Amino acid sequence: MDMWYTEKHSENVGIAMKVSKTLFSGKSEFQQLDIVETLEYGRMMLLDGLVMVTERDEFVYHDMIVHPALFTHPAPKKVLVIGGGDGGTIREIVKHPSVEEAVLCEIDGLVIDKSVELLPSMACEIDGSNPKVKLHVDDGIAYIREHRGEFDVILVDSTDPIGPAVGLFEEDFYRTVFAALKEDGIMVAQSESPFYHPEIQKKMYANLRSVFPIVEMYQAFIPTYPSGLWSFAFASKRHHPVRDFDRERAAKRGFRTRYYNEDLHLGAFMLPTFARENIAEEQPEP
Ligand code: AG3
């Protein structure tokens, strides 16, 4: 018997992957968590039926949520991840020698536990082995309210704006993030697919612009996410991701990345016209 998993990307379109076995399936206090073995993409984690990561293409997302901000900030020391319970984002952060402390604040402890058990290539730095890494099982919004002016970089590694992540796309939350950052802090948040989610993007970027002086969108190719074209929001108090980028430092990074590089850092901020229009302050003439 063939077993296929389908995530619907719209009413009429989806992505289907052939699955050989279910490794975990259960409900936490917050959401449904499934980890399955696929034939093409290795192990795959789903939250409420949405693909979060696969072993084969997670490198794209995790390189791109981390390295643009950490190579724009001149010396990131203290970095916070909100969400990101699979550990992939933390794994990339601790590759940066300037980082002294990487804090993970994930609302759902089950995601951390099952990732450590079943997704070791991602969770390798959140298994208690790295003294620079601190774990908090807590609501990210409550956590940052109590940590003002503390972080150089905050990365919002969330699911789609449905369920527990809704609040992570709102203006109030961005104000709290702004307050939790140091005076030259940077925030990056995953910002959905420019192709399928123009309405979410429009609101999200308007919310960000009412809080941060610098707001830019950048893109990455993630085969298992809706449309494959994914995006991240770069929101910053002082450093601009293109104008203030130190290409030499990124070129001499001294650790391996499989998607990010110093040229792509700049290229990722160049957007197709339709994506630019999703977040334009003034809507184009029809
Ligand atoms: N964050 C999930 C991004 C949203 C995917 N959406 C979807 N499949 N509909 C991934 C967490 C990785 N650390």
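Since we're looking at a predicted model, the values are computed, not measured.

Engineer: Looking at this structure, how should I read the overall build of the chain?
Structural biologist: Counting its secondary structure elements, the chain contains 10 helices and 12 strands. Here the chain has a C-alpha radius of gyration of 18 Å; the compact-globule value for 286 residues is 19 Å, and the two agree. Dimensions of the chain, computed from C-alpha atoms along their principal axes, come out at roughly 55 × 55 × 35 Å. With 286 residues in all, the chain has 56% of them scored as buried. Residue pairs in contact within the chain that sit at least 24 positions apart in sequence constitute 66% of those at least 6 positions apart. Summed over its atoms, the accessible surface of the chain is roughly 12,500 Å², and 50% of this surface lies on carbon and sulfur atoms.

Engineer: Got a minute to help me understand the environment of Phe-255 in this structure?
Structural biologist: Mapping Phe-255 onto the fold places it in the loop between helix H8 (247-251) and helix H9 (262-267). Expressed as a C-alpha distance, the spacing of Phe-255 and Pro-198, which sit 57 residues apart in the sequence, is 35 Å.

Engineer: How should the pairing of strand S4 (residues 43-47) be read in this particular structure?
Structural biologist: The two faces of a sheet get side chains in turn, since along a regular strand they alternate between them. Summarising burial for S4: 4 of the 5 residues are buried, a large majority. With 5 bridges connecting them, strand S3 (residues 32-38) and S4 associate as antiparallel partners. Paired with Leu-33 across the two strands is Leu-47, which belongs to S4. Where S3 hands over to S4, the hairpin turn is made up of 4 residues, of which Gly-42 adopts a positive phi near 70°. Taken together, the 4 bridges between S4 and strand S5 (residues 50-54) define a ladder with antiparallel strand orientation. The residue of S5 that forms the bridge with Leu-46 is Val-51.

Engineer: Please explain the site of the ligand as it appears in this structure.
Structural biologist: Close contacts around the ligand come from 14 residues, with Glu-7, His-62, Asp-86, Asp-157 and Asp-160 the closest. Contacts to the ligand include Asp-86, whose side-chain N or O atom sits 2.6 Å from a nitrogen atom. Taking Ser-158, its main chain carries an N or O atom lying 3.1 Å from a nitrogen atom of the ligand. When the ligand is considered free in solution it has 400 Å² of accessible area, and contact with the protein chains removes 98% of it. Elements represented by at least two residues in the shell around the ligand include exactly S5 and helix H1 (58-72).

Engineer: Would you mind showing me how to read the domain arrangement of the chain here?
Structural biologist: Where interface size is given, it is often the accessible area lost as the parts come together that is meant. Per the domain assignment, the segments making up the chain are domain 1 (3-52) and domain 2 (58-279). Summarising the inter-unit geometry, the C-alpha centres of domain 1 and domain 2 are found 23 Å apart. On the side of domain 2, 19 residues touch domain 1, which itself brings 21 residues to the contact. Both faces considered, domain 1 and domain 2 share a buried interface measuring about 1,900 Å² in area, 72% of it formed by carbon and sulfur atoms. Inspection of the region where domain 1 meets domain 2 yields 4 residue pairs in polar contact (both at pLDDT 80 or more).

The rules we used
Residues numbered from 1 in each chain as written. Predicted model: local features only at pLDDT ≥ 70, side-chain atom pairs only at ≥ 80, totals over all residues. Heavy atoms only, no water. Helix = DSSP H or I, 4+ residues; strand = E, 2+ residues; numbered from the N terminus. Rg over C-alpha atoms; globule rule 2.2 N^0.38 Å. Buried < 20%, exposed > 50% of the residue type's maximum accessible area, 1.4 Å probe, protein only. Contact = heavy atoms within 4.5 Å. Areas by Shrake-Rupley, 256 points an atom, 1.4 Å probe, with all protein chains shown as cover. Pairing = 2+ DSSP bridges. Near = heavy atom within 4 Å. Polar contact = N/O pair within 3.5 Å; in protein donor to acceptor, adjacent residues only side chain to side chain. Domains from an automatic or database assignment. Buried area = accessible area lost by both parts, 1.4 Å probe.

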